[in-house]
Amino acid sequence: MVQPIVPSYHGTTKCCSDPFAYIPLEKRQSFKDRIQSICRHPYFCPILFFMLFTSNCILAGRIAIGAALDEVGLPATTSKSMQPFQSGAYKGIPWRSERTLSVRTLGETKFARCDVHTVKNEGGDGEIDDWIFMEEMDAVNVAVVTSEGKFVLFEQEKYAIPGSTLSPVGGFIEGKEAPFESARREVMEELGLGSPQTLHQMFVAGSLDMEHMKLAKPYSFEEMIRSMSGQHAFSLMPKMTRDVDKYNLAVGNAPEDDPNWIFLGKYRTAANRGGGFIYTYLLKNAVQILPLGGTTEFIPSGDDEAQAVRFLNAEEIQERIQDFQEIKWSATLA
């Protein structure tokens, strides 16, 4: 046993086995009496036992959780920025089919979720209990073309792509939006562009709103976009309602009264592992509906990613199709 080094009253040090040696002599007996009094208290032993029992339970729980996380390959961390599992955070609609028997969630955020499914095999006479399935919110991609035949695109960097990449406009479908409305909103937010029909609807909605506010001065769409109220007018427009098919998946059709919007199809990202559905669109004859829309000076809203606007014609798209380094983007442009 290591003997404590105790300073003497003569400026020297000495080793002592007495645990109270550091206490001045005149206070030592009083301190010992107080400790002994606490130890003789009738509740001392039960309280000490409870504290030891609780600390052991916490330690055992942390060991068990760590072992469970290690079993599924997740980090056993308590850091707020690295929470391995947050129940109920995912905002999308989880996938289930007639072959799904059970689902165990390993981790999730509001945009994505990693599950392990137990599913029937294709013959129906057996089960697969380690089917990794990646949930991701459904999204839209839009190939935007101006009346001059220029595709309006982005050049940007993405976390899972080395170097830079070209990409069309895109984003998640929010809440109960119809996919078409998500596509129209993303083009407005990211490029300040829309179809001539959208421009007309914004003018009508904005004019009605200005009339409701009883503003006396003459009002035009040019005044509206100069006053930066274009997004407000966009929010007042009538919106397409969300419809679903027999599989409870959103229908992506574009409105029949807007011939410049063409629905190119809905596609599963990964046939066996999920990854959400992508709804693809073509917008022809895109026009400016917000100040500086369709120019390199336009400041996008709703997205904090750094991206540069690029303008390519169809021939340039064909030559650079390999520069669209995500399969969903390549499919949309193809």
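Residue numbers restart at each chain and count upward from 1, following the sequence in its written direction. Whole-chain, interface and lining totals are the exception, using all residues; otherwise, since this is a predicted model, local features are given only for residues with pLDDT of at least 70 and side-chain atom pairs are given and counted only at 80 or more. To obtain the side-chain values, all non-hydrogen atoms of the structure were used and water was disregarded.

> I would appreciate a short explanation of the pairing of strand 4 (residues 112-120) in the present structure.
On a regular strand, one side chain projects to one face of the sheet and the next to the other, so that they alternate. The pairing criterion for strands is at least two bridges between them, as found by DSSP. Under the DSSP-based scheme used, a helix requires at least four consecutive residues in state H or I and a strand at least two consecutive residues in state E, with every element numbered from the N terminus. Judged from the seven bridges that link them, strand 3 (residues 100-108) and strand 4 form a sheet pairing that is antiparallel. Bridge assignment links E108 to a residue of strand 4, and that residue is R113. Counting the residues that bridge the hairpin from strand 3 to strand 4 gives three residues. For strand 4 and strand 5 (residues 127-136), the ladder comprises eight bridges, and the chain directions are antiparallel. Paired with A112 across the strands is E136, a residue of strand 5. Here strand 4 folds back onto strand 5, and the loop between the two strands holds six residues, one of which, G124, carries a positive phi near 80°.

> Looking at this structure, I do not really get the environment of A178. What am I missing?
Summarising the element assignment, A178 is placed in the loop between strand 9 (169-172) and helix 3 (179-191). Residues A178 and A250, 72 residues apart in the sequence, show an inter-C-alpha distance of 7.0 Å.

> Looking at this structure, I do not really get the pattern of salt bridges. What am I missing?
Two side chains of opposite charge can pair, provided their charged atoms sit close to one another. Salt bridges are counted wherever a side-chain nitrogen of Lys or Arg sits within 4 Å of a carboxyl oxygen of Asp or Glu. Applying the stated rule across the entire model yields 10 salt bridges. Here E136 ties to K328 by a salt bridge, and the two come within 3.9 Å at their closest N and O atoms. Linking E136 in strand 5 with K328 in helix 8 (residues 327-333), this pair joins segments that are 192 residues apart in sequence. A salt bridge links E177 to R185; the nearest nitrogen and oxygen atoms lie 2.8 Å apart. Assigned by exposure class, E177 and R185 land together as buried. Residues joined by salt bridges that share partners form a network here, namely E174, E177, R185, E186 and E189. Only protein chains enter the area calculation, which uses a 1.4 Å probe; residues under 20% of their type maximum are buried, those over 50% are exposed, and those in between are partly exposed.

> Help me out: how do you make sense of unusual backbone geometry in this one?
When glycine is set aside, most residues are seen to have a negative phi, and most peptide bonds are trans. Backbone geometry at N248 places phi at a positive 65°, although glycine is not the residue there. In the Ramachandran plot, N285 falls in the positive-phi region, its phi being about 55° despite a non-glycine side chain. Examined against the element boundaries, N285 turns out to sit in strand 12 (residues 274-288).

> How should the nonpolar core be read in this particular structure?
Soluble, globular proteins show a tendency: their nonpolar side chains are buried together. One finds V142, V144, V187, L191, W261, Y279 and Y281 to be the most contacted residues of the largest nonpolar core, which totals 22 residues. Here this core takes five residues from strand 12, the largest share from any one element. The contact rule is simple, with two residues in contact once any of their heavy atoms fall within 4.5 Å. Other than its neighbours up to four places away in sequence, V144 contacts K150, F151, V152, V169, V187, L191, L193, L283 and A286. Core analysis: the next-biggest nonpolar cluster, separate from the first, contains 12 residues, V145, L282, I317 and W329 among them. By convention a nonpolar core is built from buried Ala, Val, Leu, Ile, Met, Phe, Trp, Tyr and Cys residues, the set being connected through side-chain atoms within 4.5 Å.

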